[in-house]
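Descriptive analysis of the structure
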Amino acid sequence: MKTLTTLTAAATMAAAPALADLVIPDLSYRTGPYAAGGIPFSDGYQDYFTLLNERDGGIGGVPIRLIECETAYDTEKGVECYEATKDEGALVYQPLSTGITYQLIPKTAADGIPMHTMGYGRTSAANGEVFNNIFNYPANYWDGASVAINYLLDENDGSLEGKDIALVYHNSAYGKEPIRTLEALAAKHGFILSQLAVDHPGQEQRSTWVQIRQQRPDYVIMWGWGVMNQVAIQEAANIRFPMENFIGNWWAGAEHDVSPAGMAADGYLSLNMNTVDPELPVFDEIREHVIGSGEAAGDGSHVGSVLYTRGMYAAMLAAEAIRKAQEIHGEADITAAMMRDGMEALTMTEERMLELGAPGIGPVFSVSCENHGGSGQALVQRWNAAEGVFEPITGFISPDEEVIVPLVEEDSLAYAAENGIEPGCA
Amino acid sequence: MPETFLFATEVALNGLMAGVMYSLVALGFVLIFKASGIFNYAQGVMALFAAMTLVGIQQGQVPFAHAINATFGTDIHNFGWQAPALLAILLTVGVMIALAWAVNRYIFRHLVNQEPIILFMATIGLAYFLEGIADLMWGSEIKRLDVGLPQGINTWIDETTFTIFGYGFFIDNLDIVAAIIAALLVAGLVAFSQYTKQGRALRAVADDHQAALSVGISLNFIWVLVWSIAGFVALVAGIMWGAKSGVQFSLSLIALKALPVLMLGGFTSIPGAIVGGLIIGVGEKLFEFCFGIGQCFGGFINLGGATENWFAYVLALAFLVFRPQGLFGEKIIERV
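Cut-offs and rules
Residues numbered from 1 in each chain as written. Chains lettered and ligands numbered in written order. Predicted model: local features only at pLDDT ≥ 70, side-chain atom pairs only at ≥ 80, totals over all residues. Heavy atoms only, no water. UniProt positions renumbered as here; feature names shortened; annotations may be inferred. Contact = heavy atoms within 4.5 Å. Buried area = accessible area lost by both parts, 1.4 Å probe. Salt bridge = Lys/Arg side-chain N within 4 Å of Asp/Glu carboxyl O. Polar contact = N/O pair within 3.5 Å; in protein donor to acceptor, adjacent residues only side chain to side chain. Helix = DSSP H or I, 4+ residues; strand = E, 2+ residues; numbered from the N terminus. Nonpolar A, V, L, I, M, F, W, Y, C, P; charged D, E, K, R; others polar. Buried < 20%, exposed > 50% of the residue type's maximum accessible area, 1.4 Å probe, protein only. Arc of directions from axis to C-beta.

Going by what an unreviewed UniProt entry lists, chain B is known as LIV-I protein H and is assigned to Jannaschia seosinensis. Among the UniProt annotations of chain B, the heading Sequence similarities (unreviewed entry) holds the following wording: "Belongs to the binding-protein-dependent transport system permease family. LivHM subfamily."

An unreviewed UniProt entry lists chain A under the name Leucine-binding protein domain-containing protein, from Jannaschia seosinensis. In its Sequence similarities (unreviewed entry) section, the UniProt entry covering chain A states "Belongs to the leucine-binding protein family."

If you want it as structure tokens, here you go:
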């Protein structure tokens, strides 16, 4: 009888609903060659969710449960992390790796879990009619390449005819992403594009920069990550390439990319999809509720830095999508499918960013079934080595939709055809 | 003079300089392999560990600060002083000697007479341990390394070559310093092994462990000595590479650049490490220039760039076909 009672109690407990929570996996990389970028992003991502838990008791009254899994920026480990966490009730993935993203695209589609690849991953995922579960707002690589060219057009009175532009890129799926767009833009604007690949990890780039010195391009655009950025900036300084003509993408524009070169990096330019302001009210809230209470993911030293801000911004967008999903479905404890709906209905306005304590942190944009990529806007920032800060020198610049939209459509429809996907909105 | 020839010459000179940097890493491998038959997989991580320790000491960073703060709820990060570069280097050498002692005392003393593959695997374990402990001690941040080394284009070479050829060659001052240091290092190592008692003992151990033991040479002492020297070489490599990229995890990957140098120069020859480095450096850079980015023969072959990493190994393999022991390695025939 005692055994029967115990079994009944156990069965009842197993059948009882678990305490509600909003599960957010964080596929971070705090080790390996790309840790210097992975750590501040992950700290920002986690600290924002912790802030919501500590200050507001979660979102809509439901606490957030973070699950951190170390990928070391390794695709295989990233997939393992996904498999290990997806059954916990994961709402959204943010793998911070183009390689991992490519592997997870079919898996997340099969499992019905949305993935947010903010400014990385497969660019044509912006077409939500094909990639129902993938979102890459507020901007993608092709937007970034186009924004860089639009900035240069502005600098050259609207014409790049005959100019030499060199693309120095990480020899990987990530680094090769902007090539297609830049080739299309070169054809449109009449500039000459040369491509210089740098092999992983990018510790030795002498021949690349000797070649740049010999060819003397007017501008260098860099698509780098990890040690490649620091070495490239140092080598550019060594050959006295003018820093104001050297533009990194948004993954080549953090403080640790420029600091090893010291004052020589002064004036280096990079794109950014978010503004950088350590004095934002939301950071004060994080300092008070998260760092002050000893709940921070890191030691708090990264608050307000470029990648910490971007990680926090990514979390903010995820939290807003959760709110939207709760609103749409009238349910606080949402599922991954509901989260997807929330992401697809996300709207970021100036007023909302102000309410969140982050005025102007990103562009104003809205997401729809047809457009999972947002506005595609980015700004250009300049490194002030004396002050040790990146300063914006433009507002948010729009990409050339005339070039980007057909490319996105062509690539996404090819993917749909290969994978037997019928494009369309639910 | 044709522009392509001048460009190729500049590329070749820079290849020589890059080769010196590879040699600095390869030297550490050679020293340990020569004295103990161990292929030290951890040599690259030793360079990382040494460079992190140097910067940590120089900046007055509290080791294990993150772990201490997390455990005891304290908020300490810095001692509040900055050590001069020379003092920091000397203290780092001390740390590397302590590491050499610990590695031998706690790992390799227990593995005497084991198969080479066991020793190799032990160094893999050591590499991962050192990587972790370096992170724990000094953090994962990218740190600027500044020990006063000059960097940037050498204006004298630039101006002189411009006057002669009408085109100024680019040579980085840091590479020139690296070449001088490598030359001094090799001269010092050769002098040490030829003219000092410990050096002769080291050579005896390298030739025949049993015979060396029988004449009263302490193997333990020699192994600590050789690991200490390898630690010093790792520090030099860490400083040179760290000055380029900042001190960060990727420094440990410089070992990958040393492997083709070792294959080509031989695992047991100090001059081989230097000559091998120079051949690899020039070979990979010229191949990239001519065929990687198609600058020779009217762009007849253009492979799209990024050939350096794999071509270095192709070059080393080509040499191995004709000299399996490497250019300067000892020819050992264990079976017929």
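Having seen the structure, we can now continue with the description.
Take the interface of chain B and chain A next. At the interface, 45 residues of chain B touch 36 residues of chain A. Summed over both partners, the interface of chain B with chain A buries about 3300 Å², with 52% contributed by carbon and sulfur atoms. For the chain B face of the interface with chain A, the top three residues by lost area are Ile142(B), Phe170(B) and Lys244(B), together amounting to 17%. Viewed at the interface, chain A and chain B are joined by 7 salt bridges. One salt bridge in this structure joins Glu204(A) and Lys244(B), with 3.6 Å as the shortest N-O distance. The interface formed by chain B and chain A contains 19 residue pairs in polar contact (both at pLDDT 80 or more). Those elements giving two or more residues to the side of chain B that touches chain A turn out to be α1 (3-36), α6 (155-165), α10 (219-245), α12 (270-292) and α13 (308-322) of chain B. Among the elements that make up the side of chain B that touches chain A, the one with the highest residue count is α1(B) (6 residues). Residue composition of the side of chain B that touches chain A, by class: 18 nonpolar, 15 polar and 12 charged.

This paragraph deals with α6(B). Among the residues of α6(B), those classed as buried are Ile157(B), Asp158(B) and Thr161(B). Burial along α6(B) is one-sided: seen end-on, the buried residues are contained in an arc of 100 degrees. Turned more than 90 degrees away from the buried face of α6(B) sit Trp156(B), Glu159(B), Phe162(B) and Thr163(B), all of them exposed. Those residues of α6(B) that are buried are in contact with α8 (206-215) of chain A together with α7 (173-195) of chain B. The N-cap of α6(B), judged by a side-chain oxygen 3.1 Å from the amide nitrogen of Trp156(B) a few residues on, is Asn154(B). Phi turns positive one or two residues past the end of α6(B), at Gly166(B), with a value near 80 degrees.

On to the UniProt feature "transmembrane region" (unreviewed entry) in chain B. All names here are of chain B. Within this numbering scheme, the UniProt entry marks residues 12-33, 45-65, 85-104, 116-138, 176-196, 217-241, 261-279 and 310-328 as carrying the feature "transmembrane region" (unreviewed entry). Taken end to end, residues 217-241 is 92% helix and 0% strand, and its first and last C-alpha atoms sit 36 Å apart. The straight-line gap between the two end C-alpha atoms of residues 261-279 is 8 Å; of that span, 79% is helix and 0% is strand.

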